[in-house]
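Commentary on secondary and tertiary structure
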Amino acid sequence: MRAIKVGVSALLGIAAIAAAQMGAATVANAEGVVNVYSMRQPFLVEPIFEKFTKETGIEVKTVFSKKGLLERLEQEGENSPADVIMTSSFGDTMRTVEMELTQPVENDILNAQIPAEFRAEDGRWFALTTRARILYVSKDRVEPGAISTYEDLADPKWKGRICTRSGTHPYNVQLVASMILHHGKDDAKAWLEGLKNNLARKPQGNDRAQIKAVSEGECDIALGNSYYMGKMLADEEQRVWAESVNLVFPNANDRGTHVNASGMGLAKGSPNRENALKLMEFLAGKTAQGIYAEANYEYPVHKDVAPSKLVQGWGALKRDSLPLEKVAANRNDAVKLVNEVGYNE
Ligand code: FE
């Protein structure tokens, strides 16, 4: 009996050495895999996945795509290998729920890490980070305090001085949806018409292109997500764009600034459920949340993880407290308004 025990442990010892010699991939296979479908970019999530694999031995296989990912999941149906779905904007997070691509999760660790307002009651989605939709205003041509709210964007005094990206981009759709909730459809439409009338040019380009336009004198006020300030400052070429503007967090003195959120959900047919939950816990945990804060200048949802020093320097974020789901529920109406006023024309 005793001899056999010694034999087994000796064999295990050999197996362990062999595994170590064959490297990390073998170890990962021993623990299994988790398949991620990600709308978030590789530069941001890959360093997080590397840390996760190091800690758990679980290999992360990722499909990256900004467009058509949810449709692909829908087509794959029950045969989908997807375990975790990661989204960039809250509208897409809502679509994963509406398309029934995710399943409910009841998990004490996630519930402890993510405040209730940043997750679905039934655990079909979890937010991971938030970002404010703010104003980038010319240091040279806009007096500090001259504009302080989203409503101000429709003031005729800014005629020909505002730049934004397409009105149907998810970031703007969510903002318009929040305006519908705060003001009702009619007033929101009047506001959007006013904003359209103030545009310096036809909506075009991404958020950063608007701030570039401010730096080049094409407009004086741009709408953009907060993290782009950090990203521009970190980029040799774009730094001058960032340095030409002041940041304004709209409605900071009343209802708060509109935020969007990135998120995740457990895929409906997740074949590697346990690994998926481990990854989701990791994404909401301190290490990953810290990477989101430092590498992409977003606001972590984890209450014990602070934004980066740079972001802290912008002051505490007063967030518009409308529930994310309520805002997202108005996004079809928002798209309609955008088209009705011919915003992109
Ligand atoms: Fe973005």
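What you see is a predicted model, and the numbers here were worked out from it, not measured in a lab.

Before going further, it helps to examine helix H12 (residues 273-284). Its 12 residues give H12 an end-to-end C-alpha distance of 17 Å, which sits within 8% of 16 Å, the value for a rise of 1.5 Å per residue. By the criterion of burial, H12 is predominantly enclosed, with 9 of the 12 residues buried.

The domains assigned to the protein chain are domain 1 (32-129 + 260-307) and domain 2 (131-258 + 319-340). Put simply, the middle of domain 1 and the middle of domain 2, counted by C-alpha atoms, are 27 Å apart. Across the boundary between the two partners, domain 1 contributes 21 residues, which contact 17 residues of domain 2. In this assembly, domain 1 packs against domain 2 so that about 1700 Å² is buried in total across both faces, 55% of it on carbon and sulfur atoms. Its largest share of buried area at the contact with domain 2, domain 1 owes to Asn260, Tyr297 and Tyr299, together 40% of the area lost on that side. On inspection of domain 1 and its partner domain 2, the count reaches 3 salt bridges.

The next thing to look at is the pattern of salt bridges. Enumeration over the complete set of coordinates arrives at 22 salt bridges. For the salt bridge of Arg201 with Glu218, the shortest nitrogen-to-oxygen distance reads 3.3 Å. In this pair, Arg201 is assigned in the loop between helix H8 (185-198) and helix H9 (207-215) and Glu218 in the loop between H9 and strand E7 (221-225), connecting sequence segments 17 residues apart. The class of Arg201 is buried, set by a relative accessible area of 17%. For Glu218, a relative accessible area of 40% gives the class partly exposed. For the salt bridge of Arg239 with Glu243, the shortest nitrogen-to-oxygen distance reads 3.1 Å. Of this pair, Arg239 and Glu243 are both found in helix H11 (residues 239-243), 4 residues apart, which corresponds to roughly one turn of the helix. Residue Arg239 is classed as partly exposed on the basis of its relative accessible area, which comes to 38%. Residues participating in the shared-partner salt-bridge network are Arg40, Arg131 and Glu298.

With that settled, consider the packing of aromatic side chains. Tallied over the full model, the rule gives 4 aromatic pairs. Here Phe249 and Trp314 contribute two aromatic rings whose centre-to-centre distance is 6.4 Å and whose plane-to-plane angle is 45 degrees, an arrangement assigned as tilted. Within this pair, whereas Phe249 is found in the loop between strand E8 (245-248) and strand E9 (259-267), its partner Trp314 is found in the loop between helix H14 (309-312) and helix H15 (324-328), the two being separated by 65 residues in sequence. Side by side, Phe249 and Trp314 carry an identical accessibility label, which is buried.

Moving on: the state of the cysteines. Summed over all chains, the structure comprises 1 disulfide. Put simply, Cys163 and Cys219 are joined by a disulfide, and their sulfur atoms are 2.0 Å apart. A torsion of -105 degrees about the S-S bond marks the disulfide between Cys163 and Cys219 as left-handed. One end of the pair, Cys163, is in strand E6 (residues 162-163); the other, Cys219, is in the loop between H9 and E7, and 56 residues separate them in sequence. Look at Cys163 and you get buried, because its relative accessible area is 0%. According to the relative accessible area criterion, Cys219 is buried, its value standing at 1%.

Calculation notes
- Residues numbered from 1 in each chain as written.
- Predicted model: local features only at pLDDT ≥ 70, side-chain atom pairs only at ≥ 80, totals over all residues.
- Heavy atoms only, no water.
- Helix = DSSP H or I, 4+ residues; strand = E, 2+ residues; numbered from the N terminus.
- Expected span 1.5 Å × (residues − 1).
- Buried < 20%, exposed > 50% of the residue type's maximum accessible area, 1.4 Å probe, protein only.
- Domains from an automatic or database assignment.
- Contact = heavy atoms within 4.5 Å.
- Buried area = accessible area lost by both parts, 1.4 Å probe.
- Salt bridge = Lys/Arg side-chain N within 4 Å of Asp/Glu carboxyl O.
- Phe/Tyr/Trp six-rings, centres within 6.5 Å; stacked < 30°, edge-to-face > 60°.
- Disulfide = S-S within 2.5 Å.

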